[in-house]
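So you can see what is in the structure, the chains are spelled out below.
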Amino acid sequence: MPELRFSVRMDALGLPFKQALLAAAKAGARGIEIDARETLKPSELSESAARQIRKMLDDLNLRVSSIRFPTRRGYDALANLDRRIDATKEAMRMAYTLGANHVVNQIGSVPTDTESAAWQQLRSSLEDLGRYGAHIGAFLAAETGTESGESLAALLSALENAYVAVAFNPGPLIVGGFSVADSLRAVGDKVGVLVAQDGVQDLARGRGVDVPVGQGTADFPEILGILEDWQFSGWVVLGRRGCGLEEIEASITYLSNL
């Protein structure tokens, strides 16, 4: 596998934008992931703002790896669906403007019944976004976690004349009780981003919890090995919301040593 390209979630650092860029560069990252709901909204990205951001990034030898756009509901929910899809398209345009290829979001719960109205609705929404991604040059990346990789792969493979990538995140899969390795093998050819998060099943609490990278049950040597089989060359995005720089640096050290 080529040398890993690390990117830092801006919302993990809890710092103002410029300070977060400096911290990411100091930690050894080569990219940043921007939260398009809180860190920088698409409506705030004027041409002059885009030029200024690109200049700051160039000065620090950084790139925008991806845009994170967490919607309150998935693309299966009918309430305000058109508005949600339009807002996602705005985030995709923002990604293209800043040189990123992917917009990361959880797409909603994937029904097990592929004949259900909910499954058909979700497929229709993703086909719309997938075709727009091909048109604009930046793609939606469905983040794993609320269903198995096999279920997600079946949905994405059913899209007609449209492409939606995968942001593979082992942490929520572990929390949800799914097999990380089986899920990755199912979606491996569609993975555009690796979201390096970890998790563990807490038997005392009867549920899964997320933990820092390397402290859970995610087998990152196996994950990287499977991705190498698929010739993955995308970004490895680090950080949990509000985790802080120290955890980011520890994650980079851990994964680099692998």
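Relevant structure appears above.
Below you will find a few notes about this structure. Counting from 1, residues in each chain are numbered in the order their sequence is written. For this predicted model, a pLDDT threshold of at least 70 governs which residues receive local features, and a threshold of 80 or more governs which side-chain atom pairs are given and counted, while totals over whole chains, interfaces and linings are taken from all residues. Heavy atoms from the whole structure form the basis of all side-chain values; hydrogens and water molecules are not counted.

### Quick look at the side chain of Glu 247
Then, number 1: Helix and strand assignments follow DSSP, with helices taken as H or I runs no shorter than four residues and strands as E runs no shorter than two, numbered in order from the N terminus. With respect to the helices, strands and loops of the structure, Glu 247 is situated in helix 10 (residues 245-257).
Then, number 2: Categorising residues by exposure relies on relative accessible area from a 1.4 Å probe, with only protein chains included: less than 20% of the type maximum marks a residue as buried, more than 50% marks it as exposed, and the intermediate range marks it as partly exposed. Residue class for Glu 247 comes out buried when judged on its relative accessible area of 15%.
Then, number 3: Not counting chain neighbours up to four residues away, the residues in contact with Glu 247 comprise Pro 212 and Arg 240. The criterion used for residue contact is that any of the two residues' heavy atoms lie within 4.5 Å.

### Focus on helix 4 (residues 81-97)
Then, number 1: Here helix 4 spans 24 Å end to end across 17 residues, near enough to the 24 Å set by a 1.5 Å rise per residue.
Then, number 2: All buried positions along helix 4 are accounted for by Leu 81, Arg 84, Ile 85, Thr 88, Lys 89, Ala 91, Met 92, Met 94 and Ala 95. Here a helix's expected span is defined as the number of its residues, less one, multiplied by 1.5 Å.

### A look at the sheet that holds strand 5 (residues 139-143)
Working definition: the strands of a sheet are paired by backbone hydrogen bonds and lie parallel or antiparallel to each other.
Then, number 1: Taking strand neighbours around the barrel as the criterion, the eight strands line up as 1-2-3-4-5-6-7-10 in a closed arrangement whose pairing is parallel. The mean angle between the axes of side-by-side strands here comes to 30°, regardless of whether they run parallel or antiparallel.
Then, number 2: For two strands to pair, DSSP has to find at least two bridges joining them. Bridge analysis of strand 3 (residues 63-68) against strand 4 (residues 102-105) gives two bridges, and the strand direction is parallel. Residue pairing in the sheet places Arg 68 in a bridge with Val 104 of strand 4.
Then, number 3: Where helix 8 (residues 180-187) meets the sheet, it contacts strand 6 (165-168) and strand 7 (191-196), and its direction lies at approximately 160° from that of strand 6. Axis angles are defined between N-to-C directions and span 0 to 180 degrees, where every axis is a line fitted to C-alpha atoms and, for a helix, only to the segment in contact.

### Section: the pattern of salt bridges
Any two side chains of opposite charge can pair, on the condition that their charged atoms come close.
Then, number 1: The salt bridge definition used is simple: a Lys or Arg side-chain nitrogen within 4 Å of an Asp or Glu carboxyl oxygen. Within this structure, the stated rule accounts for 14 salt bridges.
Then, number 2: Note that Arg 241 and Glu 38 form a salt bridge whose closest N and O atoms lie 2.7 Å from each other. Within this pair, whereas Arg 241 is found in the loop between strand 10 (235-238) and helix 10, its partner Glu 38 is found in the loop between strand 2 (31-35) and helix 3 (47-59), the two being separated by 203 residues in sequence. Of the two residues examined, Arg 241 and Glu 38, each falls in the exposed class.
Then, number 3: Of the charged contacts in the structure, one is a salt bridge between Lys 190 and Asp 189, with a shortest N-O distance of 3.7 Å.
Then, number 4: What makes Lys 190 buried here is its relative accessible area of 12%.
Then, number 5: Connected via shared salt-bridge partners are Arg 9, Asp 11, Asp 35, Glu 38 and Arg 241.

### As for the nonpolar core
Side chains of nonpolar character tend, in soluble globular proteins, to be buried together.
Then, number 1: Counting residues in each nonpolar core, the largest one holds 79 residues, and the members touching the most others are Ile 32, Ile 34, Ile 107 and Leu 126.
Then, number 2: Excluding its chain neighbours within four sequence positions, the residues that come into contact with Ile 32 are Ser 7, Val 8, Met 10, Phe 17, Leu 21, Ala 24, Leu 57, Leu 62, Arg 63, Val 64, Ser 65 and Ser 66.
Then, number 3: By convention a nonpolar core is built from buried Ala, Val, Leu, Ile, Met, Phe, Trp, Tyr and Cys residues, the set being connected through side-chain atoms within 4.5 Å. Counting seven residues, the second largest nonpolar core, distinct from the first, contains Val 104, Ala 141, Ala 165 and Val 193.

It is worth stressing that arrangement in space is one thing and function is another; only the former is reported here.
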